[in-house]
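Fold and contact review
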Amino acid sequence: MTVKERLAARAATVEAYLREGFGGFLRETGVPEGLLAAMEYSLLAGGKRLRPCLCLTFAALHGASPESVMPFAAGFEIIHTYSLIHDDLPAMDDDDLRRGRPSNHKVYGEATAILAGDGLLTEAFGCMGRAWPAIPAERVLPALAEAVQAAGAAGMVGGQVLDMEYTARAGVTLAELAGMQALKTGALLTASCVCGAILAGADAGGVARARDYGAAVGAAFQIVDDILDEIGDAATLGKPVGSDREQGKNTYPSLVGLDESRRLAEARVEAALGAIACYQGPAADFLRDLARYIVVRVQ
């Protein structure tokens, strides 16, 4: 199987849990139908499910079963989905298309879209908490703290604020751009790796290597995303192309050009590979292939 096929196979298990496990829980708790429909519209719209797959793979790298980690891993996709709903709102990026379909607010209205995002974010942490008792509380609680920081004001939310501040602003440096993207995109990707290691009981060295890999892959992923916004197509990406340029966003291509952006992405992939060089086996092989696959899309 190619890495794309292996990622799709892992994503299918996450999809099944989101639909039946998490979705079943929401239906049992009596979530209003209109709100549930809006939440599931975005949550079940497909996607690579990269964050939960990273969490599951790092857990497997340290000997944990996917069944025990799945509720926590799925929580990362739920958080990610909430962020996409809110990012697309008129007050934010004002995008009409997401994953090849109309954005949530274009279908359900802005108020319901905001509440769908709020509901997903809140329920994500409840979903993560259901990793206990299969995983001991002394592992689940530190992992929850890691996820909260990555999603919160010092992580993804803070990165979004910086993104708005940097939009149409002259003089943004490469270091400032990298720092913003490390929060907006990288924090949740990194936490997905770190939490997988924590939940599996990895030692401090294992957790540190997961953090280094996640930070490097997160940086490469965002650089490639910037490149694809310039050279990709909406049918493949499932979202508008060229919107970054139209909105005056500072990106890697706008600061250093496409060729240098590709070189920087490749350098981050090499850093990710170095972080897990000591590991062998199927999980490690998948992580290596996944890191390489990120930059293949723009070569």
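Structure first, text after, so check above.
So, here is what we can say about the structure in this document. (Residues numbered from 1 in each chain as written. Predicted model: local features only at pLDDT ≥ 70, side-chain atom pairs only at ≥ 80, totals over all residues. Heavy atoms only, no water.)

**Considering the overall build of the protein**
In terms of helices and strands, the protein carries 14 helices and two strands. Here the C-alpha atoms of the protein give a radius of gyration of 18 Å, agreeing with the 19 Å that 2.2 N^0.38 yields for 299 residues. Taking the principal axes of the C-alpha coordinates as reference, the protein spans close to 50 × 50 × 35 Å. Expressed as a percentage of the 299 residues in the protein, the buried residues total 51%. (Helix = DSSP H or I, 4+ residues; strand = E, 2+ residues; numbered from the N terminus. Rg over C-alpha atoms; globule rule 2.2 N^0.38 Å. Buried < 20%, exposed > 50% of the residue type's maximum accessible area, 1.4 Å probe, protein only.)

**Details of the packing of aromatic side chains**
Evaluated as defined, the whole model comprises three aromatic pairs. Ring geometry for Tyr41 and Tyr108: centres 5.5 Å apart, planes at 75°, overall edge-to-face. One end of the pair, Tyr41, is in helix α2 (residues 33-43); the other, Tyr108, is in helix α5 (residues 104-108), and 67 residues separate them in sequence. The class of Tyr108 is partly exposed, set by a relative accessible area of 28%. Over the aromatic face of Tyr41 sits the side chain of Arg101, whose NZ or CZ is 3.8 Å from the ring centroid. When the ring centre of Phe25 is taken as reference, the NZ or CZ atom of Arg130 above it lies at 3.9 Å. (Phe/Tyr/Trp six-rings, centres within 6.5 Å; stacked < 30°, edge-to-face > 60°. Lys NZ or Arg CZ within 6 Å of the ring centre and 35° of its normal.)

**Here we look at the environment of Arg292**
Secondary-structure assignment places Arg292 in helix α14 (residues 282-296). The exposure class of Arg292 is partly exposed, given its relative accessible area of 40%. Along the sequence, Arg292 and Val217 sit 75 residues apart, while their C-alpha atoms lie 9.4 Å from each other. In this structure, Arg292 is in contact with Val269 and Leu273, ignoring residues within four places of it in sequence. (Contact = heavy atoms within 4.5 Å.)

**With respect to the state of the cysteines**
Applying the stated criterion across every chain, the model contains zero disulfides. No disulfide involves Cys193; its sulfur sits 8.4 Å from that of Cys55, the nearest cysteine. No disulfide involves Cys195; its sulfur sits 6.1 Å from the nearest other cysteine sulfur, which is in Cys55. (Disulfide = S-S within 2.5 Å.)

**Observations concerning the packing of helix α4 (residues 66-87) against helix α7 (residues 137-151)**
Close contact between α4 and α7 brings their axes to 12 Å; oriented N to C, the two are set at 15°. In terms of orientation, α4 and α7 fall into the roughly parallel class. As α4 runs across α7, the sense of the crossing is right-handed. Contact with α4, carried on its side by Phe72, Phe76 and Ile79, involves Val140, Ala143, Leu144, Ala147 and Ala151 of α7 and no other residues of that element. A per-class count over the contact of α4 with α7 returns eight nonpolar, no polar and no charged. (Axes fitted to C-alpha atoms, helices over the stretch in contact; angles between N-to-C directions. Parallel < 35°, antiparallel > 145°, perpendicular 65-115°, else oblique. Left-handed = near helix turned anticlockwise from the far one by under 90°. Nonpolar A, V, L, I, M, F, W, Y, C, P; charged D, E, K, R; others polar.)

**A look at a nonpolar patch on the surface**
Residues Val157, Val161 and Met164 make up a contiguous nonpolar surface patch of about 220 Å² in total accessible area. Relative to the helices and strands, Val157 is located in helix α8 (residues 156-166). A relative accessible area of 34% places Val157 in the partly exposed class. (Patch = residues over 30% accessible without salt bridge, like charges linked within 9 Å, V, L, I, M, F, W, Y side chains within 5 Å. Areas by Shrake-Rupley, 256 points an atom, 1.4 Å probe, with all protein chains shown as cover. Salt bridge = Lys/Arg side-chain N within 4 Å of Asp/Glu carboxyl O.)

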